Amino acid sequence: MALNKLSTLYLRSQWLQCANRQLLSTQVKHAAKKKSKLRAFGIASGVIASIPIAMYLVADDPKKRRIRLTIEGIGRFLRSLKIGLTISVDYWISLRFLEEDSEEYDSILKKIHQRAAQRILDGCLKNGGLYIKLGQGLVSLNHILPKEYLNTLKVLQDKCLTRKPEEISKLFLEEFGALPKELFESFDEEPIAAASLAQVFKAKTKTGEDVAVKVQYIDLQDRFKGDIATVELLLDLIAFMHPKFGLKWVIQDLKGTLAKELDFINEGRNGEQCAKDLSHLSYVYVPKIHWDLTTVRVLTAEFIDGVKISETDELKKLGLDLKDVDKKLVECFAEQIFHTGFVHADPHPGNILVRKAANKKAELVLLDHGLYEELPSQVRKMLCSLWKSIVLNDHKGMRKYSAQLGVPEI
């Protein structure tokens, strides 16, 4: 009996030991399989994560730039979204319990305008690129925007982008497949002028002609659609939160003008059309385009020495009659507005130079033909009638033709 019990206990202990060994073996196998799966998952994750890095490393410069711009675009979008939401919430919270006709409302509204304008300025400066140009476009709406916006954002008019010198070489390689020094006899690397979209360099062609080479900032074309879409989204958001402040039409207008200004071939053609239209005015000159050295992002034109039309002291030093300059300026643009209908839409002093012609009198040189406005014949006729009414002090005529031009009250 005792022997049977001992046998049973022995068998049980052997069975438990065997079961434990089997369980331990199973656990070890499971752990090994789990570790193997984790190792495989880690390797796969590493491979997948390394693919974009490898693609970036083997990509050419234009593709690398687009990848960087995509990543940076996310940052610009989030920054712009934060600014747009902050401005919208500021207007909503600060004004929600105030009467619109009260003095307190007007006083607080001015402060909100100032805060909003400062936030927009900071955003434009940090985002750079087309945001600078868009900010400059807002300043031109001085008949719509509050003065707080205009006074704050006007600093953008003198703001130019800072770029590395090697960017010019990369752009020329993309556009021409050659470096500037290979295309020109000489090329000054220091720009003689810079603006929000491009820099201008002085160079000499292989045939010995002095030229001005306008070179677009290399990433503007790639950034255009993304940045415009971001601004449109923000304006939609603002219009939803503040129905009275629907300004999406502003970006629609600016989008059209920016697209034209980013196409330097279009600018060259505009210049040639302007020269043709004003060819009968002997005192107007438009620099000739070198089409073999011009692309969408590079414009090469005849280099002209001249004085800005606003620098009256320098004009006097040249011995030019200011009344003659004024008369020629008015006649030049009157010809475009009232006759040809093809009107230079950016005639600031930097785009109108004056030089002494062979007859010792003033000659106007028109630059920067990226932006033109085309006036239909009917509009030109109404403008002629309005101008005639103003000269004759005909108030009835002024009201009539102003209304026809979309200005019912003057």
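Peer 1: Any chance you could break down the packing of aromatic side chains for me, citing the residues and the numbers?
Peer 2: Evaluation of the coordinates by the stated rule reveals six aromatic pairs. Pairing F172 with F187 gives two aromatic rings, centres 5.8 Å apart and planes at 75°, and the pair type is edge-to-face. Pair noted here: F172 is in helix α6 (residues 166-176) and F187 is in strand β1 (residues 186-187), with a separation of 15 residues, a long-range link. Each member of the pair F172 and F187 is classed as buried. Through successive ring pairs, a cluster of aromatic residues spans F172, F176, F184, F187 and F201.

Peer 1: Run through the pattern of salt bridges, naming residues and quoting values.
Peer 2: Per the counting criterion, the structure on display carries 13 salt bridges. Two residues, K327 and E331, come together in a salt bridge whose shortest N-O distance is 2.7 Å. One end of the pair is K327 and the other is E331, both in helix α12 (residues 322-340) and four residues apart, which spans about a single turn. For E331, a relative accessible area of 32% corresponds to the partly exposed category. What you see here is one network of salt bridges that share partners, running through R76, R223 and D227.

Peer 1: Before we move on, could you go through the environment of K206 and cite the residues and values that matter?
Peer 2: Among the structural elements, K206 can be located in the loop between β3 (198-204) and β4 (210-216). Residue K206 is classed as exposed on the basis of its relative accessible area, which comes to 51%. Apart from residues lying up to four places away in sequence, K206 is in contact with K181, E182, L183, F184 and E185.

Peer 1: Before we move on, can you summarise the sheet that holds strand β5 (residues 284-285) with the specific residues and values?
Peer 2: Ordered in space as β5-β10-β9-β7, the four strands form an open sheet in which the pairing is mixed. Looking at strand neighbours, the two that pair on one side only are β5 and β7 (307-308), the edges of this open sheet. Bridge count for β7 against strand β9 (residues 352-356) is two bridges, and the pairing is antiparallel. By the bridge assignment, V307 is partnered in β9 with V354. Sitting on the sheet, α12 touches β5, β9 and β10 (362-366), and the angle it makes with β10 is about 40°.

Peer 1: Lay out the environment of E409 in plain terms, naming residues and giving numbers.
Peer 2: By the secondary structure assignment, E409 is in the segment after α14 (395-404). E409 sits eleven residues away from M398 along the chain, and the two C-alpha atoms are 9.9 Å apart.

Peer 1: Describe the confidence of the model for the chain, with residues and values.
Peer 2: When pLDDT is averaged across the chain, the result is 83; 79% of the residues are at 70 or more. Taken as a whole, residues 49-58 scores under 50 in pLDDT and shows four contacts with residues more than four places along the chain or in a different chain.

Peer 1: With reference to specific residues and values, describe the packing of helix α3 (residues 103-127) against helix α4 (residues 130-139).
Peer 2: Interaxial distance between α3 and α4 falls to 7 Å at its minimum, and their mutual angle equals 145°. Where α3 abuts α4, its residues C124, L125 and N127 lie against Y131, I132 and G135. Here the residues of the contact of α3 with α4 sort into four nonpolar, two polar and no charged.

Reading guide: rules and limits
- Residues numbered from 1 in each chain as written.
- Predicted model: local features only at pLDDT ≥ 70, side-chain atom pairs only at ≥ 80, totals over all residues.
- Heavy atoms only, no water.
- Phe/Tyr/Trp six-rings, centres within 6.5 Å; stacked < 30°, edge-to-face > 60°.
- Helix = DSSP H or I, 4+ residues; strand = E, 2+ residues; numbered from the N terminus.
- Buried < 20%, exposed > 50% of the residue type's maximum accessible area, 1.4 Å probe, protein only.
- Salt bridge = Lys/Arg side-chain N within 4 Å of Asp/Glu carboxyl O.
- Contact = heavy atoms within 4.5 Å.
- Pairing = 2+ DSSP bridges.
- Axes fitted to C-alpha atoms, helices over the stretch in contact; angles between N-to-C directions.
- pLDDT = per-residue confidence, 0-100.
- Nonpolar A, V, L, I, M, F, W, Y, C, P; charged D, E, K, R; others polar.

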